[in-house]
Structure formats: C-alpha cells, structure tokens
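Structural features, examined
One letter stands for each residue in the lines below.
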Amino acid sequence: MKVDIDMGSQSGGKAATLDLEELLATRLLVQGNSGSGKSHLLRRLLEQSAPWVQQCVIDPEGDFVTLADRYGHVVVDAERSEAELTRIAARIRQHRVSVVLNLEGLDVEQQMRCAAAFLGGLFDADRDHWYPVLVVVDEAQLFAPAVAGEVSDEARKLSLGAMTNLMCRGRKRGLAGVIATQRLAKLAKNVAAEASNFLMGRTFLDIDMARAADLLGMDRRQSEMFRDLARGHFVALGPALSRRPLPVTIGTVETSARSTSPKLTPLPEAPAPADARDLIFTPAADEVRAMPVRRPPPPVSTADILTQLAQARPKAEEPAEPLLPVIAEADHAARIDEVLREILVDPDAAFRTVAVLYQDFLVRCRIRRVPGEPLTLADFRRRFAVARAGVDMTREGEEGWPQAVTLSAGLPDDLQGVFLVIARAALTGAPCPSDATIARVYGSHSPSRARRLIAYFEERGLFVVRTDFRGRRIVASPDLGCETAPGDPAGPVDVSQDLPSAAE
Ligand SMILES: Nc1ncnc2c1ncn2[C@@H]1O[C@H](COP(=O)(O)OP(=O)(O)O)[C@@H](O)[C@H]1O
Ligand SMILES: [Mg+2]
C-alpha cells in the first residue's frame, strides 16, 4: 500500500510528500539547531500519519502529549519502575496502541534509563506482535550521546544500546526509527548512520555542517546552504523523500499549543482512549510477573574510580564545624578558584576535555585538602568557562553578573566563555571586543567565526547588535539591561582576554 504523507510544500507550491511505507523500511534523521522547527516537523509527520500507522513518541520535554486529545495517543508518564515500563511497552505492541512516553521532569539519567527500558520492551516484543510502528525520538542526542557526559556509564550504555537496536536492528521487528537532534556532532555516529532519509534544517556550527554533508554525500561547500535556512525550512533527501536534495517548507500542524484555529480531521480508527488505557496498563492474566532480572554490577571505569576516590575523604580530615560559616564558605570558594587558576595556567589545559580536566581538578582539591564539597561536573564546566574567559571570579558578586552566568548556562559549553566575555564588556560598559579577541576566546583564528558566533547569540535574542556611524560595534543585552561601548570589530586581539593556553 502506498501512502504519501503530506509534509508541506516544495518551491513552486507543489506538495512535499513522504512515502510512509518506504519510511518504515529506511528510517529518518532530522537535524537542525534549536528553534529550527524540528519538533514542529515531527508533529506534522505524526499528525499526518496517525490514521495509517501506530506511533510511539519518546518525548523528553512533554511536547507531544497534546496529540492525545485529538489523535487518541495514550500518555505514558515515566514515573514507574523500569521493569514496568518494559512490560507496558510489550502490551503497546500487542494491542497496537499509539502512545507518548512523557519524560518531562526527570533528570537526564532517569530519562535515559526510562527510554532504554521502554525501547527495550518495544524491541523485545513477541514475534507475533511485530507490526509496523513509527518510533519517534525527539532530542535523540540525549539518548544516544556521542561522548560520555555527566551521567553514569551504565545509564549511557543502556540508552545507547536501546537506540542502536532501534536504528540498526529494529526494521525486521517492524520498528521504524524517526529521530531528531539539534547537534549531529553530539549524536552517536552509528545511530545517525542507519537513517537513509534526512531532513536538514538550519545548522550553525561547522562541525555539524560537516557531519551533515558527509551523511548526505554533499561536498562541504554545498552544505553551507544549511546556514541560511529559515525556521520550518528543511532540505529533504532519501528514498522516502527525494532522490536529490530538495528544499521543502513544513506545513501547519493541528495540535501545537499555539494553534488558534484548529481544523477538524477524521479520527483514526483506534480503540477509544479509555479502552486503550485498559489494554496497555492492565496486565493480562497469563502475563508472568517475574522479578526483574538482576544485572551484574556494571564495570567501573578508571575515571569513575578516580572520581570516587577524590570524593571519598576520610572522616578524620573533616574540619570541625566552622563557627563562622560565611567565612568558611568564602574561604572554600577562594580555594576552589585557586585550584581552577592552577589548572588554567597549565599550557596543555586547552587541549584536554572538560571531563579530564575535572578529574585533575578533583585530585588537586584533594591534595590541597580543600574543605567542603567539591564542585559537581556541571558547576566545574561553568566555572571553568568563566575562568577561561578571563573573568575575575570576584566579580561574581557584582550586579548583573550572576544573571549573565545563568544565561550562559543555557548555551552549548563551547560558547559560554564567548558569551561571558561580551556580557562582561556590556556590564562594565567596556568597548565591544574585536572579532579577533572573540575568535581567540573561542579558540579559533577566524574573524568570520567570531561574527557568526555573535549572529548566533543575536538569533537567540541574547544580544542586539548595532553599528555606530564610525563602523564600531555595540552589543546590547536586553536581559541584563546594559550595552558595551562602541568597539572596532577589526581591532587587534585584546591580550587581557587572552587564554593562558595561548601564552605559548
Ligand atoms: N513550519 C513551521 N510553520 C510555522 N511555525 C513553525 C514551523 N516550524 C516551527 N515553527 C514554530 O517555531 C517555533 C520553534 O519550533 P520547534 O519545532 O519547537 O523548534 P525545535 O524543535 O527545532 O527547537 C515553535 O513555536 C513552532 O511552532
Ligand atoms: Mg524541539
């Protein structure tokens, strides 16, 4: 049966279609920066295909629960044991009920574990129940990260394994993976590589563009086109979409929260939601309620052991309860700063990953007997970005600075330092740093890279950029309510912003 799903339009107004049956066999990868319209695209695909195929959505942000009212999806909230999620997934396959697994509100590690348990249940379904089902995973880099992050090795392995099964081995079992990611470079390569269909949206960073070009078999110069795509515009390629790269505009959706004039569509022929609930939440009489299989403890990596060692300090070393907690806290912060600075002046620091530097940090704290809790990896990453941006830690008390740090926390790690350098100039009314200075902070020599970084912040509404009549740049921050003095974009590198690692 050939079913063409209407995704939107091509240039010239012709419909952009997606061959559903072909999609089941060849899977889909969607990539585009945050705000490029990926979730909207997935919603369009889900809505248009709802009458034709069973759907399971892995939804980290609770975006898709609105499909329930109109299309009858059952929302599975994830606050259940992993074993229970696995059993629910098996019943979902048996009864062919469309669902949204809502992972909103769980921490990343929990999200990974729940998704793994649920996908595992879909994958291990009884052979009799291998009916076709679209498995849509939004923000797939969360579940199949390219590199180890802050979660435990065990959670990462479980989740990555489940995603690999979905994309590499799911086809025979009727599972058709549709995954979306903000950053191709953050998605595990083997998971991305199994999709034969692509929808590429606006892409900002060179590394993602290069990966996209590789996947699409385009040359890197051609892939520059991804930079200029507007929201909702994607380039389609693959057996279910188009034989050559085809620009498409995604059409409207029925269920987005913002939709003000919903249009009626025929309801899918599915069991009434109440029946559907019963079907998947009630164990069948013959279902074995076996105890979950106990897995052997996962192997512990050397890095984990080092972390544990660094954190486990013998009781005897614990300093007595301070009489003046405020002073003790300040002392703690000052000593942590000292350790951070020590790491920063190491000329090799710029070439190591944050995870490695963090290990180094923990060990140094331990050697210096820094009292109190060491920083978490997330805090370390942020403090390190701040320190690396050449920002004096004592400014932390200054007005506006904590807010700047909070704003930076929402950005990709590699951009936080750049953001903070510009924000600091704005807070202190200093001239806007030159392109060369910004590039240097980012760890690049390219002034055009600096301009793209500023454009990126501007797109996200973090900065508003203007040029004065002498061609000097002024960057304003609406959030912080301040702006830089005019600065020459073509000016020299400001050495006070220099990274220690650059002091060859
Ligand atoms: N094709 C489109 N037509 C109309 N609005 C769109 C379209 N694509 C995205 N949007 C809107 O743009 C905003 C961001 O889109 P979203 O899908 O959430 O982006 P992403 O998931 O890539 O971060 C949302 O408010 C969405 O409604
Ligand atoms: Mg989204």
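Residues numbered from 1 in each chain as written. Chains lettered and ligands numbered in written order. Predicted model: local features only at pLDDT ≥ 70, side-chain atom pairs only at ≥ 80, totals over all residues. Heavy atoms only, no water.

1. Things to note about the overall build of the protein chain
As a reminder, the rule being used: Under the DSSP-based scheme used, a helix requires at least four consecutive residues in state H or I and a strand at least two consecutive residues in state E, with every element numbered from the N terminus. A simple rule labels every residue: compare its accessible area, found with a 1.4 Å probe on the protein chains alone, to the largest value its type can have, and call it buried under 20%, exposed over 50%, or partly exposed in between. A 1.4 Å probe and the Shrake-Rupley method give the accessible areas. Residues count as covered only by the protein chains that appear here.
The number of helices and strands found in the protein chain is 17 helices and 14 strands. Among the 504 residues that make up the protein chain, the fraction classed as buried is 48%. Accessible surface computed for the protein chain: about 24,700 Å², of which carbon and sulfur atoms make up 53%.

2. Describing helix α12 (residues 354-367)
Under the convention used in this document: What a helix should span is 1.5 Å times the count of its residues minus one.
When the terminal C-alpha atoms of α12 are compared, their 20 Å separation across 14 residues agrees well with the 20 Å that a helix rising 1.5 Å per residue should span. Burial in α12 covers these residues: L357, Y358, Q359, F361, L362 and C365. Following α12 by one or two positions, R369 adopts a phi angle in the positive range, close to 50°.

3. Some words on the site of ligand 1
Threshold: Nearness is judged by heavy atoms alone; a residue qualifies as near a molecule or strand once a single heavy atom is within 4 Å of it. Any pair of N or O atoms that falls within 3.5 Å is considered a polar contact. Within protein, one atom must be able to donate a hydrogen and the other to accept it, and sequence-neighbouring residues count only if both atoms are side-chain atoms.
In the vicinity of ligand 1, twelve residues are found, and the nearest of them are G35, G37, K38, S39 and H40. H40 places a main-chain nitrogen or oxygen 2.8 Å from an oxygen atom of ligand 1. Protein chains bury 71% of the 550 Å² of accessible surface belonging to ligand 1 in isolation. Of all the elements, helix α2 (residues 38-49) adds the most residues to the shell around ligand 1, at three residues.

4. Notes on the packing of helix α4 (residues 82-95) against helix α5 (residues 108-123)
The following threshold applies: A fitted line through C-alpha atoms represents every axis, and for helices the fit uses only the stretch in contact; the resulting angles, taken between N-to-C directions, go from 0 to 180 degrees. Note on convention: near helix rotated counterclockwise from far helix by under a right angle means a left-handed crossing. Clockwise means right-handed. Whether two residues are in contact is decided by their heavy atoms, any of which lying within 4.5 Å being enough. Residues are grouped as follows: Ala, Val, Leu, Ile, Met, Phe, Trp, Tyr, Cys and Pro are nonpolar; Asp, Glu, Lys and Arg are charged; all remaining types, including Gly, are polar.
Where α4 meets α5, the axes come as close as 7 Å, and the angle between the chain directions of the two elements is 35°. Handedness of the α4/α5 crossing: right-handed. Residue-level contacts link E82, L85, T86, A89, A90, I92 and R93 of α4 to R113, C114, A117, F118, G121 and L122 of α5. Looking at the contact of α4 with α5 residue by residue, the class counts come to eight nonpolar, two polar and three charged.

5. Some thoughts on the pattern of salt bridges
Should the charged atoms of two oppositely charged side chains come close, the side chains can pair. This is how the line gets drawn: Salt bridges are counted wherever a side-chain nitrogen of Lys or Arg sits within 4 Å of a carboxyl oxygen of Asp or Glu.
If you walk through the whole model with that rule in mind, you get 22 salt bridges. R183 is the salt-bridge partner of D208, the closest N and O atoms lying 2.5 Å from each other. Of this pair, D208 sits in helix α8 (residues 206-216) while R183 sits in the loop between β8 (175-181) and α7 (189-193), and the two are 25 residues apart along the sequence. Given a relative accessible area of 11%, R183 falls into the buried group. Close ionic contact of D206 with R227 constitutes a salt bridge, the shortest N to O distance being 3.1 Å. On the criterion of sequence distance, the pair formed by D206 in helix α8 and R227 in the loop between α8 and β10 (233-238) is long-range, its members being 21 residues apart. Put simply, D206, E224, R227, R449 and R452 are held in one network by salt bridges that share partners.

6. Brief notes about the pairing of β8
Operational definition: In this description, strands pair whenever DSSP reports at least two bridges between them.
β8 sits mainly inside the fold: seven of its seven residues count as buried. Burial of the side chains of β8 extends over both faces: L175, G177, I179 and T181 are buried on one face and A176, V178 and A180 on the other. Both strand β3 (residues 28-31) and β8 contribute to a ladder of four bridges, which runs parallel. Of the residues in β8, the one forming a bridge with L29 is I179. Where strand β7 (residues 133-137) meets β8, five bridges bridge the pair, whose relative direction is parallel. Counted as the bridge partner of V133 is L175 from β8.

7. Notes on the environment of E399
Within the fold, E399 resides in the loop between α13 (377-388) and α14 (401-409). According to the relative accessible area criterion, E399 is exposed, its value standing at 78%.

8. Re the sheet that holds strand β4 (residues 54-59)
Taken in spatial order, the eleven strands of this open sheet run β2-β1-β11-β10-β9-β3-β8-β7-β4-β6-β5, and their pairing is mixed. Here the strands that pair on one side only, and so sit at the sheet edges, are β2 (15-19) and β5 (74-77). Across this sheet, the average inter-strand angle for adjacent strands is 25°, counted without regard to direction. Along the sheet, α2 makes contact with β1 (4-10), β2, β3, β4, β7, β8, β9 (197-200), β10 and β11 (242-250), crossing β1 at roughly 140°. Together, β3, β9 and β10 form the strand contacts of α8, whose direction differs from that of β9 by roughly 145°.

9. Focus on the confidence of the model for the protein chain
As a general rule, the predicted coordinates of low-pLDDT regions are not to be interpreted in detail. Basically, it comes down to this: Confidence of the predictor at the level of single residues is captured by pLDDT, which takes values from 0 to 100.
The pLDDT averaged across the protein chain works out to 84; a share of 83% of its residues lies at or above 70. Here helix α10 (residues 302-311) stands out as the least confident element of the protein chain, with mean pLDDT 63; β7 is the most confident, with 98. Scored below 50 in pLDDT, residues 258-262 makes four contacts in the model with residues more than four places away or belonging to other chains. Taken together, the stretch residues 313-324 has pLDDT below 50 and engages in eight contacts with residues farther than four places along the chain or on a different chain.

10. A short note on the side chain of Q10
By the secondary structure assignment, Q10 is in strand β1. In this structure Q10 comes out as buried when scored by relative accessible area, which is 19%. Separated by 3.1 Å, the side chain of Q10 and the backbone oxygen of A15 make a polar contact. Q10 has contacts with A15, A16, L246 and P247, leaving out every residue within four places of it along the chain.

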